[in-house]
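Structural overview
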Amino acid sequence: MADIKKAEVIEATNFIENEINKDILAGKIHGGIQTRHPPEPSGYLHIGHVRNIVLNYGTALKYGGICNLRYDDTNPLKEKQEFVDALQEDVLWLGYKWNEIKYATDYFQENYEIAVKLIKEGKAYVCDLSPEEVSQYRGTLTEPGKNSPYRDRSVEENLDLFERMKNGEFEQGSRCLRAKIDMASPNMNMRDPVIYRIQYLDHQRIGRSWNVYPTYDFSHPLDDCLEGVTHSICGLEFEDHRPLYNWVVENSGLENHSRQIEYSNLMIRNTVSGKRNIKKLVEEGIVWGWDDPRLITLKALRRRGVLPESLIDFVVAAGFAKTTTICEQSMLEYFIRNTLNQKAKRVMAVLDPIKLVITNYEGEGEEILLEDYPQNEETTKRKYVFGKELLIERSDFEVTPPPKYHRLYVGNTVRLKGAYVVKCTGYDLNEDGSVKCVYAEYDKNTKSGSGVEVKVKGTIHWLNEKYATKCEVRTFGNLLADSEAGSTNERAELGEVVYNTNSVDINKNAYVESDVDFTMEDRYQFMRNGYYALDCVDSKPDALVFNQVVGLKGSYKPEVK
RNA sequence: UGGGGUGUCGCCAAGCGGUAAGGCAUCAGACUUUGACUCUGACAUUCGUAGGUUCAAAUCCUGCCACCCCAGCCA
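**As for the protein's contact with RNA strand B**
Around RNA strand B, a shell composed of 66 residues is seen, among which T74, R346, H406, R407 and Q525 lie nearest. For RNA strand B, the backbone portion of the atoms within 4 Å of the protein, that is sugar and phosphate, comes to 63%. For RNA strand B, a sugar or linking oxygen lies 2.8 Å from a polar atom in the backbone of A318. Within the side chain of R528, one N or O atom sits 2.7 Å away from a phosphate oxygen of RNA strand B.

**Digging into the side chain of R151**
Tracing the backbone shows R151 in the loop between α5 (131-137) and α6 (155-166). When its relative accessible area of 12% is taken as the criterion, R151 is described as buried. At 2.8 Å, the side chain of R151 forms a polar contact with the side chain of D192. When neighbours within four sequence positions are excluded, R151 is seen to be in contact with Y125, K180, I181, D182, M183 and D192.

**Re the domain arrangement of chain A**
Split by domain assignment, chain A resolves into domain 1 (15-263), domain 2 (264-346 + 468-561) and domain 3 (349-461). One C-alpha centre belongs to domain 1, the other to domain 3; they are set 64 Å apart.

**Quick notes on the nonpolar core**
By size, the foremost hydrophobic cluster in this structure holds 51 residues, and its most contacted members are I47, L94, L311 and F314. Examining the composition of this core, we find that seven residues originate from one element, helix α2 (residues 47-62), more than from any other. Apart from the residues within four sequence positions on either side, L311 is in contact with I47, V50, W93, L94, L298, L301, V306 and L332. Counting 32 residues, the second-largest nonpolar core is a separate cluster that includes L161, M165, F170 and V212.

**Brief notes about helix α3 (residues 81-94)**
For α3, spanning 14 residues, the distance from its first C-alpha to its last is 21 Å, which sits close to the expected 20 Å at 1.5 Å a residue. Every buried residue of α3 is listed here: F83, V84, A86, L87, Q88, D90, V91, W93 and L94. The positive-phi residue at the C-terminal boundary of α3 is G95, with phi of around 100 degrees.

**A closer look at the sheet that holds strand β7 (residues 212-214)**
Ordered in space as β4-β5-β6-β7, the four strands form an open sheet in which the pairing is antiparallel. Two strands in the sheet have a free side with no partner beyond their single neighbour: β4 (124-127) and β7. Strand-to-strand, the axes of this sheet are offset by a mean angle of 20 degrees, without reference to chain direction. Both strand β6 (residues 194-198) and β7 contribute to a ladder of three bridges, which runs antiparallel.

**A closer look at the pattern of salt bridges**
Applying the stated rule across the entire model yields 38 salt bridges. For K22, the salt bridge goes to E19, with nearest N and O atoms at 3.0 Å. Of this pair, K22 and E19 both sit in helix α1 (residues 15-25), separated by three residues, roughly a single helical turn. Classification of K22 as partly exposed rests on a relative accessible area of 48%. Linking D90 and K299 is a salt bridge whose minimum nitrogen-to-oxygen distance equals 2.7 Å. Placement of the pair is D90 in helix α3 and K299 in helix α10 (residues 298-304), with a sequence separation of 209 residues. With respect to burial, D90 and K299 carry one shared label: buried. Taken together, the salt bridges that share partners define one network made up of E19, K22, D23, K28 and R259.

Here is what the cut-offs are and how they apply
Residues numbered from 1 in each chain as written. Chains lettered and ligands numbered in written order. Predicted model: local features only at pLDDT ≥ 70, side-chain atom pairs only at ≥ 80, totals over all residues. Heavy atoms only, no water. Near = heavy atom within 4 Å. Polar contact = N/O pair within 3.5 Å; in protein donor to acceptor, adjacent residues only side chain to side chain. Helix = DSSP H or I, 4+ residues; strand = E, 2+ residues; numbered from the N terminus. Buried < 20%, exposed > 50% of the residue type's maximum accessible area, 1.4 Å probe, protein only. Contact = heavy atoms within 4.5 Å. Domains from an automatic or database assignment. Core = buried A, V, L, I, M, F, W, Y, C linked by side-chain atoms within 4.5 Å. Expected span 1.5 Å × (residues − 1). Pairing = 2+ DSSP bridges. Axes fitted to C-alpha atoms, helices over the stretch in contact; angles between N-to-C directions. Salt bridge = Lys/Arg side-chain N within 4 Å of Asp/Glu carboxyl O.

Structure, rendered in C-alpha cells:
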C-alpha cells in the first residue's frame, strides 16, 4: 500500500481521527491506516461492542485502510468455538466486513521467538514464585514491590528454563516468564508483568500444541506490530497498560510500531451490560438465552426486530469521547424508530379487541385501500375489507372520556383508518361493568381518499374479524432494566445488579390483518401500537408471534392533577 | 493513600485564547388517512469548584472537590 499522503488527511469528526491526522501530518505513517477488531471469543457481542466495531472498521474505511478481525484467543479457559462463530455472524449483520480473519494464536511462534530475544537481552526472566507470592511481591497501590529472588538469573539459566516450560516439564503455575521492568513503578502494570504462563488446556483452535501462552499484555502489542496495525483502538481500561504496550513494542525489535489509542465504553442506562453479567443471567436461566429479547446483545436486538443501521446511527450520534458514556434508552429508541419509520410495513392490528357496530351500514363489506409505506410516495397499497361489525382497540373507547381525549366516546367523531368517519352513538356493558360493544354511525361521504375534507381529531385502527388472524404479541419492558424502588415486579439479584425479570407481557388474543404476507425479514408498524417484528425463533406458520421492537413516541396522556 | 483518566443543559456531545454547535428528552404551536411522521419556536449570561494570568478564558496556570480504572500466571 502506498504511503498515505498528507493531503489525504480527512476532516476529523472525533478525537481518534484527530490523533490519526496528527500522525499522518508528522509523517509517522508508512503505508495506509490499519486497525483491528480484537474480540476475545468468550461471549456474544452486545451494543457496547458496536462502538468499538464502528471505530475500528469505520475508521479504516474512512481512511481507505484495512481492518482485520483478530480473535484474542490467548486464554482457552474462557473461550469457545460457539463464540467464535457467533461473533462473525454479528459483525456481518452489522454490515461490516473484515479484510482478513486472524487469531492471536497465529502469532504464537513469533511471540515465542521475541520472548527468547528478550531473555537473551536480559529483559525477561523465568520466575519460580507461586501466583500468590508474585502477588505479594508486587506491593500495593501505595507501596513499591520487591524484586523477585529469581530476577537476576543468568541468561543461560533463563533460556533453559523457558525452553523446558515450553516443553511441558513443569506444573501449571509453578513458573512464569516475566518482563524485567521496574518493581517500584507507580504503575502496577510495569512491576515485572507476567508475559508467559504455563497452561495445559485444550485450546478450541490449536488444541494442545502449546504449553506456554503469552498474556494479553505481551501478545497484543506484538500481534499489532506483526500484522501492520498502525492504530490500536481500545477501551479506557487499557490506558494504564499503554506504557507496557509501548515497552513491548520498543523492545520487540519489530519495525512497525503501532500506537494504542483509548476511548470510553458505551453503556445504556438501566440495562445489563458486560459480558460477565449477561453470561451469568444466561447460565442461571434468568433469561431465555443469549438472544432473549430483553437483553442488549446483538442477537437479542436482532431477534427483537432492531435493524443494524439503527445501532450504527445511534453509536455515531452518541459520539466517541473519553468520558463515561451512559446514554438514555430514549436515545437508542429514537434511532430504532427513525429507521423503522422508513422501512416498516404498516399493518392494522388490534391487541385488546372490543366490538364496534356501524349501525347504519348496510353493505356486505367493501374493499378499501391501505398504504404499506406511507412515508414513501411510491408505496404499494393493499386491499382490506370494511364491514358492519368491526374490532377496535379497547383503549380507543371511553365511557367517560378524560379531558383532551380525541378518540371514541358517545357523541364524538373519529376516522377509522383508511375508511370512513364515524360518530359514536352508544355502547353496551357486560355484567361486570366492562365495555361489551360500541355503536356508531358512519358518514358515507367521508371515505378516505375521496377528497372530501372532514376535520376529526382522532384516527383509530380497526379490523374486520372475518379478515383477521389471531396472533400472539409480546411486549417487553425497556430492554432489561433495573427495577424502580417500590416496584412489585419479581426481582432476581445478581452481584450488585438488580434485574427485573417480569418485563415480558404476552398477549394471545391479539389480531392482525389476514392476507398480509408476513416474513421474518420485515418489520411492521401496528399503527398506534408501535413497531413489531415476527419472532424469528418462536413463530410457526399457524401461530404468528410478534415481538415489540419499540413503541411509538408520545401518546395520549391524561391530565394529572 | 500511589499512578492513570474524566468533569460543558435532564442524557449524549462539539469546542483547543476571541466571547457556548448539534442530537436525544422536554415544552408550546402548525399540519395530518397513525395523538406517529414532518414542520416551526422555546430550552446553559455559562462550562465541577476557588483563585490567578490576559484587553479577552470552557479553553492557559495554581489549589481544592467529585467520579471512574489499576494490586489476574483474565482480556
